[in-house]
Amino acid sequence: VTLNDIRKIQRNRQPPDSGLMCELLWSDPSPFPGRQPNKRGVGITFGPDVTAKFLKDNGLELVVRSHEVKEEGYLVEADGKLITIFSAPNYCDNVGNKGALIRFDSDMKPNFIQFTAVPHPAIKPMAYASNFNMFM
């Protein structure tokens, strides 16, 4: 996969069930080499070798990704070449994870800021998800 392949994706639509857009959204890193089916039931898992090849093929040094809960709010994998950042603490009001954000200093060294959830508003957890129009 190249950056040009990614740039060609039509993003203004619902994600499809297969293809590059789906894989970019739902695929997760794995400590095992190669590609395997993903426990999500969609996308794949990819090993450090896949990350290394993507970086080399595209002249990059690091992949920063999201969309996967991490207990500490972030995780550095693939020999430091892949960072997962997750900014939603206590995901879905029941996971208990920290949230994190990443800032890069002037030398492009990543610095992580972790945080915990604040008390939830006085509505049932996830109630807003089933009544989206209440905010409009």
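As shown above, the structure is provided for reference.
Residues numbered from 1 in each chain as written. Predicted model: local features only at pLDDT ≥ 70, side-chain atom pairs only at ≥ 80, totals over all residues. Heavy atoms only, no water.

S.K.: Sorry, what's going on with the overall build of the protein chain here?
M.R.: When helices and strands are counted, the protein chain shows four helices and eight strands. What you see in the protein chain, going N to C, is helices and strands ordered as α-α-β-β-β-α-β-β-β-β-β-α. Projected onto the principal axes, the alpha-carbon positions of the protein chain cover approximately 50 × 35 × 30 Å. Looking at the protein chain as a whole, 25% of its 136 residues are labelled buried. (Helix = DSSP H or I, 4+ residues; strand = E, 2+ residues; numbered from the N terminus. Buried < 20%, exposed > 50% of the residue type's maximum accessible area, 1.4 Å probe, protein only.)

S.K.: Honestly, the side chain of Thr84 in this entry has me stumped. Any pointers?
M.R.: Mapped onto the elements of the fold, Thr84 is located in strand β6 (residues 82-85). Separated by 2.6 Å, the side chains of Thr84 and Arg65 make a polar contact. Apart from residues no more than four positions distant in its own chain, Thr84 is found in contact with Pro29, Arg65, Glu68, Lys70, Gly73, Tyr74, Leu75 and Glu77. (Polar contact = N/O pair within 3.5 Å; in protein donor to acceptor, adjacent residues only side chain to side chain. Contact = heavy atoms within 4.5 Å.)

S.K.: Got a minute to help me understand the sheet that holds β6 in this structure?
M.R.: Strands pair in a sheet through their backbones, by hydrogen bonds, and they do so in one of two ways: parallel or antiparallel. One open sheet holds the three strands; their spatial order is β4-β6-β5, and the pairing between them is mixed. With partners counted over all chains shown, the strands left at the sheet margins are β4 (63-65) and β5 (74-77), one partner each. Averaged over all pairs of adjacent strands, the angle between their axes in this sheet comes to 15°, without regard to strand direction. Where β5 lies against β6, four bridges are found, and the strand directions are antiparallel. Note on β6: the bridge partner recorded for Leu75 is Thr84. (Pairing = 2+ DSSP bridges. Axes fitted to C-alpha atoms, helices over the stretch in contact; angles between N-to-C directions.)

S.K.: What exactly am I supposed to notice about the packing of aromatic side chains here?
M.R.: Centre distance and the angle of the planes are the two values used to describe a pair of aromatic rings. Summed over the entire model, instances satisfying the criterion amount to two aromatic pairs. Plain terms: the ring middles of Phe86 and Tyr91 are 5.3 Å apart, the flat faces sit at 80° to each other, and that makes the pair edge-to-face. Its relative accessible area of 38% is what places Tyr91 among the partly exposed residues. (Phe/Tyr/Trp six-rings, centres within 6.5 Å; stacked < 30°, edge-to-face > 60°.)

Nothing here speaks to function; it is geometry throughout.
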